[in-house]
Amino acid sequence: MGLIRNPRALLFTGAIGLASLLTLFAVSAPGLSVWALALVPYWLALAIVWSWMWGRRGRTPWMFVPLALVLGTVLLVMTDAPLRARFALSEPSLERYARSARSDYVSDRWLGLYRVDEVEKIPGGARFMVTELTMNWKRYGFAYIPDRVPDPEERGYEHFAGSWYIWSDGP
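Each value, and the rule that gives it
Residues numbered from 1 in each chain as written. Predicted model: local features only at pLDDT ≥ 70, side-chain atom pairs only at ≥ 80, totals over all residues. Heavy atoms only, no water. Pairing = 2+ DSSP bridges. Helix = DSSP H or I, 4+ residues; strand = E, 2+ residues; numbered from the N terminus. Axes fitted to C-alpha atoms, helices over the stretch in contact; angles between N-to-C directions. Contact = heavy atoms within 4.5 Å. Salt bridge = Lys/Arg side-chain N within 4 Å of Asp/Glu carboxyl O. Buried < 20%, exposed > 50% of the residue type's maximum accessible area, 1.4 Å probe, protein only. Phe/Tyr/Trp six-rings, centres within 6.5 Å; stacked < 30°, edge-to-face > 60°. Expected span 1.5 Å × (residues − 1).

### Description of the sheet that holds strand β5 (residues 139–144)
- Pairing in this open sheet of 5 strands is antiparallel, and the strands run β3-β4-β5-β7-β6 from one edge to the other. Unpaired on one side and paired on the other, β3 (118–122) and β6 (157–161) mark the two borders of the sheet. Adjacent strand axes in the sheet meet at a mean angle of 25° when their direction is disregarded.
- As defined by bridge partners, β6 adjoins strand β7 (residues 164–169) across 4 bridges and the pair is classed as antiparallel. Paired with H159 across the strands is Y165, a residue of β7.
- Against the sheet, helix α4 (residues 81–100) touches β3, β4 (125–129), β5, β6 and β7, its axis set at about 60° to β5.

Take a look at the structure:
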């Protein structure tokens, strides 16, 4: 029976698609959010259901569609494609704001596709906090520093692309 004619198959494939979208969104910001932990039991339940259906009904052609979605998701996560794509779409807004940032503190605004909690003017640029709390108890964001390379004594900077750095704050 085909995917379209089998409501359970269609529902299961939709559940895999939802898990994939949520996973791709979770990894599209620097650092791994604690919310990503909520996806672990969801993925585990889907794997158990898929295994049960595989054993009960045998190999049916539609069962390879969810498998392809999972493999595609893993490939995108392993290559950092969600982070790079979301950043590429947000970079013009972030850079425009970084160039005009003042020394005052700004919070809770959308710049591109990122909800920015903090914007801080730093020597030679600005930095943006885009995550609240991650699994390693740090907060992550982006730093725009076009005129210099951060001194090694300035902890928490990792080069990302061009004049952009991933910045972390915390223990």
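### Regarding the pairing of β3
- Both β3 and β4 contribute to a ladder of 5 bridges, which runs antiparallel. Note on β4: the bridge partner recorded for E118 is M129.
- Counted between consecutive antiparallel strands, the loop separating β3 from β4 contains 2 residues, among which G124 sits at a positive phi close to 85°.

### Describing the pattern of salt bridges
- Applying the stated rule across the entire model yields 5 salt bridges.
- Notably, a salt bridge pairs E95 with R99, separated by 3.0 Å at the nearest N-O pair. In this pair, E95 and R99 both sit in helix α4, 4 residues apart, roughly one turn of the helix.
- Given the relative accessible area of 22%, E95 is considered partly exposed.
- For R99, a relative accessible area of 56% translates into the label exposed.
- Here R139 makes a salt bridge to D169, at a shortest N to O gap of 3.6 Å.

### A closer look at the packing of aromatic side chains
- Under the definition given, this model contains 9 aromatic pairs.
- Judged by centre distance (5.9 Å) and plane angle (45°), the ring pair of F142 and F160 falls under tilted. Of the two residues, F142 sits in strand β5 while F160 sits in strand β6, which places them 18 residues apart along the sequence.
- Judged by its relative accessible area of 10%, F160 falls in the buried class.
- Ring centres 4.9 Å apart and planes at 45° place the aromatic pair Y144 and W164 in the tilted group. Taken together, the positions of Y144 in strand β5 and W164 in strand β7 put the pair 20 residues apart, joining distant regions of the chain. For the pair Y144 and W164, one class covers both residues: buried.
- Site record: aromatic cluster; members linked through ring pairs are F87, Y97, Y114, F128, F142, Y144, F160 and W164.

### What about helix α3 (residues 64–78)?
- A rise of 1.5 Å per residue sets the reference length of α3, with its 15 residues, at 21 Å; its end C-alpha atoms lie 21 Å apart and thus fit the reference within 8%.
- Once α3 finishes, D80 follows within two positions and takes phi at roughly 60°, a positive value.

Everything listed here is a matter of geometry and, on its own, says nothing about what the molecule does.
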